[in-house]
Structures are given as C-alpha cells and as structure tokens.
Amino acid sequence: MASTTGFDWSVAWEERLSRSNHQARLRSRGISSEAFWDGFSRWPELHRYTGYPGKALDCVLKAVDPGTSVLEIGAGDGAFAVPLARAAKRVTAVEPSAGQVARLMENAAAAGVKNLTVLRSRWEDVDGPGLGLHDLVLAAYCFQMRDIRSALQRMYEAAGRSLFLVHFVDHDLVEALHQVTGDSEAGPDYVFLLNILHEIGHPASASILTRDYEIPLDLQLDAFAYSHGLSAEQRGALRRHLESEGKVLSSGGMLWVRRWYKDAVIRLDKEECYR
Ligand SMILES: C[S@@+](CC[C@H](N)C(=O)[O-])C[C@H]1O[C@@H](n2cnc3c(N)ncnc32)[C@H](O)[C@@H]1O
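We now turn to the structure provided with this report. (Residues numbered from 1 in each chain as written. Predicted model: local features only at pLDDT ≥ 70, side-chain atom pairs only at ≥ 80, totals over all residues.)

### Notes on the overall build of the protein
A tally of regular secondary structure across the protein gives 13 helices and eight strands. With respect to the three principal axes, the spread of C-alpha positions in the protein is 50 × 50 × 35 Å. Within the protein, the proportion of its 275 residues that are buried is 32%. (Helix = DSSP H or I, 4+ residues; strand = E, 2+ residues; numbered from the N terminus. Buried ≥ 20, exposed ≤ 12 C-beta atoms within 10 Å, placed from the backbone.)

### Some points on unusual backbone geometry
Leaving glycine out, the prevailing phi sign among residues is negative, and the prevailing peptide bond configuration is trans. Residue Pro 53 is bonded to the preceding Tyr 52 through a cis peptide linkage, with omega at 5°. Its identity is not glycine, yet Tyr 141 carries a phi of approximately 50°, on the positive side. Turning to its location among the elements, Tyr 141 is positioned in the loop between strand 4 (134-140) and helix 9 (148-158). For Tyr 141, a count of 17 C-beta atoms within 10 Å translates into the label partly exposed.

### Examining the nonpolar core
By size, the foremost hydrophobic cluster in this structure holds 52 residues, and its most contacted members are Ala 81, Leu 84, Leu 138 and Met 155. Setting aside anything within four residues of it in sequence, one finds Leu 138 in contact with Val 60, Val 70, Glu 72, Phe 80 and Phe 164. Judged by nonpolar contacts, the second largest core, of ten residues, contains Val 180, Leu 221, Phe 224 and Leu 242. (Core = buried A, V, L, I, M, F, W, Y, C linked by C-beta atoms within 7 Å. Contact = placed C-beta atoms within 7 Å.)

### Digging into the packing of helix 12 (residues 217-228) against helix 13 (residues 232-244)
Look at helix 12 against helix 13: their axes get within 11 Å of each other, and the N-to-C directions meet at 135°. With respect to helix 13, the element helix 12 is oriented oblique. Crossing of helix 12 over helix 13 shows right-handed handedness. From helix 12, Leu 221, Phe 224 and Ala 225 reach across to helix 13, where they touch Arg 235, Leu 238 and Arg 239. In terms of residue class, the contact of helix 12 with helix 13 is built from four nonpolar, no polar and two charged. (Axes fitted to C-alpha atoms, helices over the stretch in contact; angles between N-to-C directions. Parallel < 35°, antiparallel > 145°, perpendicular 65-115°, else oblique. Left-handed = near helix turned anticlockwise from the far one by under 90°. Nonpolar A, V, L, I, M, F, W, Y, C, P; charged D, E, K, R; others polar.)

### Some details on the site of the ligand
Looking at the ligand, there are 21 residues lining it, with Gly 74, Gly 76, Ala 79, Ala 140 and Cys 142 nearest. Of the residues in the shell around the ligand, the class split is twelve nonpolar, six polar and three charged. (Near = placed C-beta within 6 Å.)

### Thoughts on the pairing of strand 3 (residues 116-119)
Pairing of strand 2 (residues 90-94) with strand 3, which is carried by four bridges, proceeds in the parallel orientation. Within strand 3, the residue paired with Val 91 across the bridge is Leu 116. The parallel pair strand 2 and strand 3, bridged by helix 7 (residues 98-110), forms a crossover whose chirality is right-handed. (Pairing = 2+ DSSP bridges. Right-handed = clockwise from strand over helix to strand, strands pointing away.)

### Considering the environment of Phe 80
Secondary-structure assignment places Phe 80 in the loop between strand 1 (69-73) and helix 6 (81-87). Residues Phe 80 and Ala 56, 24 residues apart in the sequence, show an inter-C-alpha distance of 9.1 Å. With sequence-adjacent residues up to four places away left out, Phe 80 is seen in contact with Pro 53, Leu 57, Val 60, Glu 72, Ala 75, Leu 138 and Ala 140.

### Examining the pairing of strand 7 (residues 248-251)
Sheet topology note: the strand 7/strand 8 (residues 254-269) ladder contains four bridges and is antiparallel. Residue Ser 250 lies in a different strand from strand 8, and its bridge partner there is Leu 255. With antiparallel pairing between neighbouring strands as the criterion, strand 7 and strand 8 make up a hairpin whose turn holds two residues, including Gly 252 at a positive phi of roughly 60°.

### Notes on the environment of Asp 183
Along the polypeptide, Asp 183 turns up in the loop between helix 10 (174-181) and helix 11 (190-199). C-beta crowding within 10 Å serves as the criterion here: with 10 such atoms nearby, Asp 183 is assigned to the exposed category. Separated by 159 residues in sequence, Asp 183 and Ala 24 place their C-alpha atoms 9.4 Å apart.

### Examining the packing of helix 1 (residues 9-19) against helix 11
One can describe the packing of helix 1 onto helix 11 by two numbers: an axis separation of 9 Å at closest approach and a directional angle of 150°. Remark: the crossing between helix 1 and helix 11 carries left-handed chirality. Residues Trp 9, Ser 10, Ala 12 and Trp 13 of helix 1 form the contact with helix 11, whose participating residues are Phe 192, Asn 195, Ile 196 and Glu 199. Residue composition of the contact of helix 1 with helix 11, by class: five nonpolar, two polar and one charged.

This is the structure in structure tokens:
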C-alpha cells in the first residue's frame, strides 16, 4: 500500500536505526550485535526488577492454548519463549547470540520445558518458508533490522493466525541520557512498525502498557554503562541527575531508582475483517 503522505517509514526507520544509541555503540566498540548480547551478562538480573515482560506477556498468553504453535524471533534469554512453551504445543525460537541461546537453554531446562526448539540465526538469514507456518509469531525488542519492511513481511507470512510485535514507546530517562552523553538517541519506536505494517497492507492495532518499577541504582548505572558506553564522568553526571530529580530512594540499606517504561504490544489477526 503506497503512502499517501510521501513519507517513507522504512527509509526513516533505517536512518533512525543507524543514528540510534545501540548502533552507535556497536560501531564505537567495533563489535557485532551478537557480541554485544553475548557480553550483556546482567540482562537476566535486570528482568528481576523491571517488571518485563509483565503485561506484554499476559497479552500474548491470552492468544495461546495447548494446541498453539509459536515462532519467536529474537527470543533472547527466553523471557517470553519459556512461559509460552509451558502454555503452548511447541515454541520455535530464533536467536543469533550464542550467549543468549545459552541463557535461554538454561532457563528452559530450569522450567522443565521440553517443547522448545532453538535456531541460532538472525531472522534475516532464516529460510522462512522452510520453517513453515506457526499459529502465532512473536518478535519483541529485536528489531535491529535495516530492511525492516522485508523482515516484517516475512514475519507476517510465517504467521498462520496472529502476529505480535512488542516494541519501545518511551521511558523516563530518554532525555537525561541524551543530555549526559550528548548524542544518545533511542532509535525508531513502535509507531514506525505500525506504519510500515500499514504500508505493506497489514494494518494492526497497538496497546500501550506502562511498567513502574524500582531498580538498584548501581545495577541501573552498570546497565547504562554497558549499553550506552558511559564514561565514569558521564555515569556520575547521570547519578547526580537522578538524585536532583528525586528519582533515587534509599531502602533496605541500598539505593534504588524509581522508573517508568512504556512498551507497545502490536497485534495483527489474519482473520480480521480488514484482511
Ligand atoms: C533486547 S533483547 C530481547 C530479547 C527478548 N525478545 C525479550 O523481549 O526479552 C534483543 C534480542 O534480539 C536479538 N536480535 C538482535 N538482532 C536480531 C536479528 N536480526 N534477528 C533475530 N534476533 C535478533 C538479540 O541477539 C537479543 O537476544
């Protein structure tokens, strides 16, 4: 479906993605996305505090029953894949990072999950038709894909019934990180995904969900230091910013940051009347 405004969301996606903090960080360190995720060993620890995937997982679980086959793209350490495998007939997870695959397998084993198959690959390199149709296809926060239009089209084609995408809306520290680093940009948000799906003829709906949580200050600063490459000076500046905004609190002999984060759950059902 051609855009009526002349604005090309896929081209804008590629530009925003390339300016994003994550891509800039990969370039400055000279590493691949896989190496970044291999090394992000505190990622599982972050989950304990951030309330993720929380309500987003609940939305997907409502569309799953014991007969459902699921394909998850960019499954990471299994925050969705493991609980989905417990509710579904089977889950196929596509994940390129060896470190994340190891965490995923560990979490699946700990949960006693036996109906999960892992394919270590980028989505762009997967033979979609070879994987077959899955009742439900899910992709969450894994959209480091330059040709997003074709990646989304292939996700749509792999979905027998429903496609779910979970992506970024906003968080409380976007502006603070930009100020501290001088150039940090969050990357293209969920509005791009909605518009690109619309452009390729697959209109979808979105729900926006908010997570309010408290996280240990040091863990939060360590995570930002890894993901944004903060220097010691920038880390100190961010800490002072958080304190001056009244976002730091003391509890149980520790310092915590009070935060909020908004995720979008985009859903497309193939049997909808607009199909
Ligand atoms: C932020 S984590 C999200 C993990 C999981 N989806 C979740 O929501 O907890 C991003 C994951 O996407 C994976 N990823 C990045 N680029 C990818 C690609 N092109 N194809 C498939 N997965 C990708 C990364 O290796 C990483 O594990």
